[in-house]
Amino acid sequence: MSFSVRPATSFADLRTILGPKNPTSSVCWCLSHRIDSATNRALVGSERAAYVEKLTRRKVAPGVLAYDGDEVVGWAAVAPRAELPFARSNKIPHIDDLPVWTAWCFRVKAGHRKRGIAHVLLDGAVRFAADHGAPAIEGYPVDNKGAKVDLTMAYVGTRGLFESAGFEFAAETTSVSGGIPRVIMRKDLRT
């Protein structure tokens, strides 16, 4: 299969991947790790969609989308860590002062899973960060040691996914997802 990855500048496509069936619902929209918790709680219903639509119009898109032809089939959030709550996290430590970017959320459209789209998305997120001058990119996936991960909690990715994209283990964290420990994986983009 051949997939393409593009910056997430189409709100309609992003809504296809992240939007709830009920537009008045106050679900994630991939905002829970992008904005502070007070703002996250304050944005309800259609305000969440409006916030995300503004993100797609910024100079730097909020992430990347994967396409199978013209059909959007996946999403990866990627941004400078300094813009994210991860910059202030007490569970995911900073390794150094390098202004790294972070890839933290993956979503593959139902009916398209198990086709390698998460790998394509992570590769696209790496290219996107590199194209915007990131010296390195990090992810905080679960270290599931090959065990099956509940799809609800798999949005952070797995250590194996990041290793297959050339990321290296950088540090332990005290964060968990679905009861599984998360680790810091990093890829240096300066070479």
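As recorded by an unreviewed UniProt entry, the chain carries the name GNAT family N-acetyltransferase and is attributed to Rhodococcus cerastii.

### A short note on the overall build of the chain
Within the chain, the secondary structure is distributed over five helices and seven strands. On C-alpha atoms alone, the chain measures out to a radius of gyration of 16 Å, which is about the 16 Å that the 2.2 N^0.38 rule sets for 191 residues. Projected onto the principal axes, the alpha-carbon positions of the chain cover approximately 40 × 40 × 35 Å. Looking at the chain alone, contacts between residues at least 24 apart form 65% of all its contacts between residues at least 6 apart. Across the chain, the 26 positively charged side chains and the 19 negatively charged ones have centroids separated by 5 Å.

### Quick notes on the pattern of salt bridges
For the structure on display, the rule yields 11 salt bridges. Across the pair arginine 57 and glutamate 53 runs a salt bridge whose closest N-O atoms are separated by 3.8 Å. Note that glutamate 163 is salt-bridged to arginine 159, the shortest N-O span being 3.0 Å. Here the residue glutamate 163 and the residue arginine 159 both occupy positions in helix 5 (residues 159–164), the gap between them amounting to four residues, near one helical turn. What you see here is one network of salt bridges that share partners, running through Arg81, Asp96, Glu138 and Arg186.

### Observations concerning the packing of aromatic side chains
What characterises a pair of aromatic rings is the spacing of the ring centres plus the angle enclosed by the ring planes. Under the criterion given, the structure shown has six aromatic pairs. Where phenylalanine 86 meets tryptophan 104, the ring centres are 6.2 Å apart and the plane angle is 65°; that geometry is what we call edge-to-face. Of the two residues, phenylalanine 86 is situated in the loop between strand 3 (71–80) and strand 4 (101–108) and tryptophan 104 in strand 4; the sequence distance between them amounts to 18 residues. Tryptophan 104 gets classed as buried once you look at its relative accessible area, which sits at 2%. On the numbers, 4.9 Å between centres and 50° between planes, the contact of phenylalanine 86 with tyrosine 140 is tilted. Of this pair, phenylalanine 86 sits in the loop between strand 3 and strand 4 while tyrosine 140 sits in the loop between strand 5 (136–139) and helix 5, and the two are 54 residues apart along the sequence. With relative accessibility at 1%, the residue tyrosine 140 sits in the buried group. One aromatic cluster in this structure is built from Phe86, Trp104 and Tyr140.

### Thoughts on the sheet that holds strand 2 (residues 63–68)
Pairing within the open sheet is mixed, and its seven strands lie in the order 1-2-3-4-5-7-6. Single-partner strands in this sheet number two, and they are strand 1 (4–7) and strand 6 (168–177). On average, each strand axis in the sheet is inclined to that of its neighbour by 25°, with strand direction left out of account. As paired elements, strand 1 and strand 2 share four bridges and run antiparallel to each other. Bridge assignment links proline 7 to a residue of strand 2, and that residue is valine 64.

Criteria and thresholds
Residues numbered from 1 in each chain as written. Predicted model: local features only at pLDDT ≥ 70, side-chain atom pairs only at ≥ 80, totals over all residues. Heavy atoms only, no water. Helix = DSSP H or I, 4+ residues; strand = E, 2+ residues; numbered from the N terminus. Rg over C-alpha atoms; globule rule 2.2 N^0.38 Å. Contact = heavy atoms within 4.5 Å. Lys, Arg positive; Asp, Glu negative; His and termini not counted. Charge placed at Lys NZ, Arg CZ, Asp CG, Glu CD. Salt bridge = Lys/Arg side-chain N within 4 Å of Asp/Glu carboxyl O. Phe/Tyr/Trp six-rings, centres within 6.5 Å; stacked < 30°, edge-to-face > 60°. Buried < 20%, exposed > 50% of the residue type's maximum accessible area, 1.4 Å probe, protein only. Pairing = 2+ DSSP bridges. Axes fitted to C-alpha atoms, helices over the stretch in contact; angles between N-to-C directions.

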